[in-house]
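# Architecture and fold: a report
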Amino acid sequence: YDVTILMKLANRLKKWKESEGTQNSAMRIAILGSYSIQHFAGVLDVFLQGSGIETCIYEGEYDGINMDVLDEHSKLYQFKPEIVILMTHSPDIHYFPELLSSEEQINDALQHQMAYYRNLWAHIGKMSDCQIMQTNFVVPMHRALGNMEAGYSFSQSNYIRLLNLELAKERPKYVTIIDVDYLASAVGKKRWFDYSAYFLTKSGFHVDFLGDVAFLFLSEILAIKGRIRKCLVLDLDNTLWGGVVGDDGYDKIQIDPHNAVGESYRYFQQYVKNLRDRGVILAVCSKNEEETAKQPFEKNPDMILKLSDFASFKANWNDKASNIREIAKELNIGIDSLVFVDDNPAERELVKQFLPDVLVVDLPEDPAEYADALEAAAPFEWVELTKEDLNRADSYQADRERAKLSESFVDYGDYLQSLQMEGTADIVGESQTERFVQLINKSNQFNLRTKRYTDAQIEEMQKDGNVRMIYVNLKDRFTNYGIISCIILRKTDGQCFIDTWLMSCRVLKRGVEDFAFRKVIEEARNMGCERIIGEYIPTKKNGMVKDFYSDLGFRLLGEPIEKDMMESRLYEYPVQKDYKKRIYITGGV
């Protein structure tokens, strides 16, 4: 990043905001730091504005974390932030274990330091709709013990590493740890630290890395806003292996672990395999004959990736933009969920031009650096990792088996019956909260109102006697999907208002909504409500559910009304009316 350009843009944006003001809908972000944070705040605002997120930013005083957070009458609490960013660094650590300290003494020091952060988190957590993003500590470059620092757990270097681990272990769900220690290590500690600037202006790191640090926070904020990537689309020839399989043959491509070029491609394949294992969907988009393109996966023993690792496989002579559209359609995900990797710059440019919502990663010429390029793009930053994420890739493979099964049935009802679906629709408990929040913040297509909620907000609603939060999980003979639908009901003036209803598109046309609606009716009756009110607020992505309430038997209430620049539609359903549609899911409601 060119820091000079970024800072100029930050100044222009600040002046523009001062003259134009900010809208009430702007995202409120508070930035507090133990060092100077003004330049960082400006650059982060530029990045967010460039991503279509208008902000209102509160900048704390230098070294003002305690002043703002511990005084609940401070301007911070009046500001009512949605996100609080805590920029910390190693000089904040005032209590280190003494040399030759025992493990018990080291743990006492850790708990003494953690008590301070637990207290900060608890204070901020009282603002129920607030998420915290806190940097971990960059391990300093200077070592009083020299190489012995690595050999003793009481050394300052190892103590800071232990403190970083403790932050990760103890953080509440509404706290995200931003790994600046990784960034500093990646760019080099000698470049990261600028002691002259720190002593002069209290800068926490070298100004050259303002853009890199802001990008870390941008990725997490976008994830909170539900803008995440979840599918990696890969070319084959000279991307997953060296050479052209159509010319060289599956047994002559460069994937041999005994030479440097082959090992480079294997290393990249292993990196991609690791992404799949954490829940990233893999797809192939290659100009090739399909049978020929599949041969390396089926017949070459040196391949790390297998055919079963891919949820979609497009190998033909169509242009890649068209194939990528087909991949998104086949997987039932948005185009903006895709990341495209191809060694050919002409193909990358084509996709950039025709599919601007796809993130295209520019690969270097050396395959040994492919993993670095994909890592630097950081396309798969998610807020949390759940069991459902780990099962996602396997469940897409099961979708293929399901599709084959459907072809053998003439009657769709018989097909649904053959899936042997089992489900649960129940009130959200502690064990479901993490996945419930994740699904709320990333579902866009099957989402009636597209409202986002933080962990803290969900926990607050769980305490509200007029709110019911319902989760639905599903499994069939092929896949255990886990939680795939979230519903939030609010009792208002004797009516049950459906605040949130969303569902994973993975389970469309299975009757999940019918299964869930029985639970909605049950809870509305339990709350003593006479009517269920549903609302549809259209967005660019949720057109698929525009007739959802009508299909369930709701009655439209009057003409559409203007809401958040969109036309909102209200529907009603009498609670005493039984829902008689046939349901093919067995299990508890």
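A few points on the structure. (Residues numbered from 1 in each chain as written. Predicted model: local features only at pLDDT ≥ 70, side-chain atom pairs only at ≥ 80, totals over all residues. Heavy atoms only, no water.)

### What about the overall build of the protein?
When helices and strands are tallied, the protein shows 22 helices and 18 strands. Computed over C-alpha atoms, the radius of gyration of the protein comes to 26 Å, within 12% of the 25 Å expected from 2.2 N^0.38 for 589 residues, which places it in the range of a compact globule. For the protein, the spread of C-alpha atoms along the principal axes amounts to about 75 × 70 × 55 Å. Taking all 589 residues of the protein together, 52% fall into the buried category. Across the protein, the fraction of contacts at a sequence separation of at least 24, relative to all contacts at a separation of at least 6, is 73%. Total accessible area on the protein is roughly 27,600 Å²; 48% of this is exposed by carbon and sulfur atoms. Between the centroid of the 71 positive side chains of the protein and the centroid of its 91 negative side chains there is a distance of 5 Å. (Helix = DSSP H or I, 4+ residues; strand = E, 2+ residues; numbered from the N terminus. Rg over C-alpha atoms; globule rule 2.2 N^0.38 Å. Buried < 20%, exposed > 50% of the residue type's maximum accessible area, 1.4 Å probe, protein only. Contact = heavy atoms within 4.5 Å. Areas by Shrake-Rupley, 256 points an atom, 1.4 Å probe, with all protein chains shown as cover. Lys, Arg positive; Asp, Glu negative; His and termini not counted. Charge placed at Lys NZ, Arg CZ, Asp CG, Glu CD.)

### Observations concerning the packing of helix α12 (residues 260–277) against helix α16 (residues 370–377)
Running from amino to carboxyl end, α12 crosses α16 at an angle of 30°, the nearest separation of the two axes being 8 Å. Accordingly, the angle class assigned to the pair α12 and α16 is roughly parallel. Listed contacts from α16 to Tyr265, Tyr267, Phe268, Tyr271 and Leu275 of α12 are Tyr370, Ala371, Leu374 and Glu375. (Axes fitted to C-alpha atoms, helices over the stretch in contact; angles between N-to-C directions. Parallel < 35°, antiparallel > 145°, perpendicular 65-115°, else oblique.)

### What to know about the pairing of strand β10 (residues 359–362)
Looking down a regular strand, the side chains alternate between one sheet face and the other. Summarising the sheet, strand β9 (residues 338–342) and β10 pair through four bridges and their orientation is parallel. The partner of Phe340 across the bridge, within β10, is Val360. In the classification by handedness, the crossover that spans β9, the intervening helix α15 (residues 345–354) and the parallel β10 is right-handed. (Pairing = 2+ DSSP bridges. Right-handed = clockwise from strand over helix to strand, strands pointing away.)

### Let's talk about the pattern of salt bridges
Applying the stated criterion to the full structure yields 30 salt bridges. The closest approach of N and O atoms between Asp578 and Arg525, which form a salt bridge, is 3.2 Å. With a gap of 53 residues between them, Asp578 in the segment after β18 (566–574) and Arg525 in helix α21 (residues 512–526) connect regions that are remote in the sequence. Look at the salt bridges and you will find they share partners, linking Arg449, Arg490, Asp499 and Glu535 into a network. (Salt bridge = Lys/Arg side-chain N within 4 Å of Asp/Glu carboxyl O.)

### Topic: the layout of surface pockets
Taking a probe equal in size to a water molecule and rolling it over the atoms shows the remaining empty space. Volume-wise, the second largest pocket comes out at about 1,200 Å³. Contributing to the lining of the second largest pocket are 37 residues, with Asp179, Tyr182, Leu216, Glu375 and Glu381 lying nearest its centre. For the lining of the second largest pocket, the secondary-structure elements that each account for two or more residues are α6 (156–170), β5 (175–178), α7 (180–187), α10 (210–224), α12 and α16. Residue contributions to the lining of the second largest pocket peak at five residues, all from α10. Split by residue class, the lining of the second largest pocket holds 22 nonpolar, five polar and 10 charged. (1 Å grid on protein atoms, 1.4 Å probe; cavity = no way out; pocket = protein on both sides within 12 Å on 5 of 7 lines; lining within 4 Å. Points joined across faces, edges and corners; volume = space filled by probe spheres on them. Nonpolar A, V, L, I, M, F, W, Y, C, P; charged D, E, K, R; others polar.)

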